[in-house]
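A look at the structure
Each chain, written out:
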Amino acid sequence: MDPTPDDPDAIFIHPPFTDFPNAHLHNDGLTYNLMAANPNWFLDPKDYITGQEDDSPAAITYPTQLEPPRGWCPTKKREMKDKEGWRQGEEPRLRCTFCRRFYAGVNAKSMWRRHVFEKHKIAMANRRDNNNAGRSGRGSNSKSMPPAAESRY
């Protein structure tokens, strides 16, 4: 499933993402949508920071323009209740930019992010890091809040 440099159909694109087929036609540079439209283009995990000791000094964080865009899936669960939905094989799919894996469905973006992190060891820039701090915010039952003042009555 993973492409290799020996794969005659695979094209590996490396930072700064200026050397890819017909790059001169794409003023925005390399984007996730362009990668998705070219299933034989791949990124090399060695180009990205993984947090492992063997990271290259030239490794970079995964660029946000290579993540699936917000709102990529045109339908959500609540919109699908009274509809038949997508035909088999026609539903929108997200492809991994490092291998030939695809994800479909309402949770595809989350599954894509988890796959990239767990299989390829690449964390997205806005990934929550659970070992730094616990959740805080509405409904988190955070212990960091001061106790409520005691009632005088």
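Up top is the structure.
Just so we're clear, the structure is a prediction, and the values are computed from it rather than from any experiment. (Residues numbered from 1 in each chain as written. Predicted model: local features only at pLDDT ≥ 70, side-chain atom pairs only at ≥ 80, totals over all residues. Heavy atoms only, no water.)

Section: the overall build of the chain
Helix and strand counts for the chain stand at two helices and four strands. Secondary structure elements of the chain occur, N-terminal to C-terminal, as β-α-β-β-β-α. Within the chain, the proportion of its 153 residues that are buried is 27%. Contacts in the chain between residues far apart in sequence, at least 24 positions, make up 54% of those at least 6 positions apart. Of the roughly 11800 Å² of accessible surface on the chain, a fraction of 47% belongs to carbon and sulfur atoms. (Helix = DSSP H or I, 4+ residues; strand = E, 2+ residues; numbered from the N terminus. Buried < 20%, exposed > 50% of the residue type's maximum accessible area, 1.4 Å probe, protein only. Contact = heavy atoms within 4.5 Å. Areas by Shrake-Rupley, 256 points an atom, 1.4 Å probe, with all protein chains shown as cover.)

Some words on the nonpolar core
By size, the foremost hydrophobic cluster in this structure holds 23 residues, and its most contacted members are Leu30, Leu43, Tyr62 and Trp112. Of all the secondary structure elements, the ones that give two or more residues to this core are α1 (32-37), β2 (41-43) and α2 (108-120). Look past the residues within four positions of Leu43 in its chain and what remains in contact with it is Phe12, Ile13, Phe17, Leu30, Met35, Tyr48, Tyr62, Leu66, Thr97 and Phe98. (Core = buried A, V, L, I, M, F, W, Y, C linked by side-chain atoms within 4.5 Å.)

Notes on the packing of aromatic side chains
On inspection of all chains with the given rule, the structure shows seven aromatic pairs. Arranged with centres 5.5 Å apart and planes meeting at 50 degrees, the rings of Tyr48 and Tyr62 form a pair that is tilted. Note that Tyr48 is positioned in the loop between β2 and β3 (93-95) and Tyr62 in the loop between β2 and β3, a separation of 14 residues in sequence. Note on Tyr62: relative accessible area 2%, which makes it buried. Summarising the aromatic geometry, the rings of Tyr48 and Phe98 are spaced 5.7 Å apart at their centres and angled 85 degrees between planes, so their arrangement reads as edge-to-face. Linking Tyr48 in the loop between β2 and β3 with Phe98 in the loop between β3 and β4 (102-104), this pair joins segments that are 50 residues apart in sequence. This pair shows no difference in class: Tyr48 is buried, exactly as Phe98 is. Here Arg93 stacks its cationic end above the ring of Phe102, 4.0 Å away from the centre of that ring. The residue whose ring lies beneath Arg95 is Phe42, and the NZ or CZ to ring-centre distance is 5.1 Å. (Phe/Tyr/Trp six-rings, centres within 6.5 Å; stacked < 30°, edge-to-face > 60°. Lys NZ or Arg CZ within 6 Å of the ring centre and 35° of its normal.)

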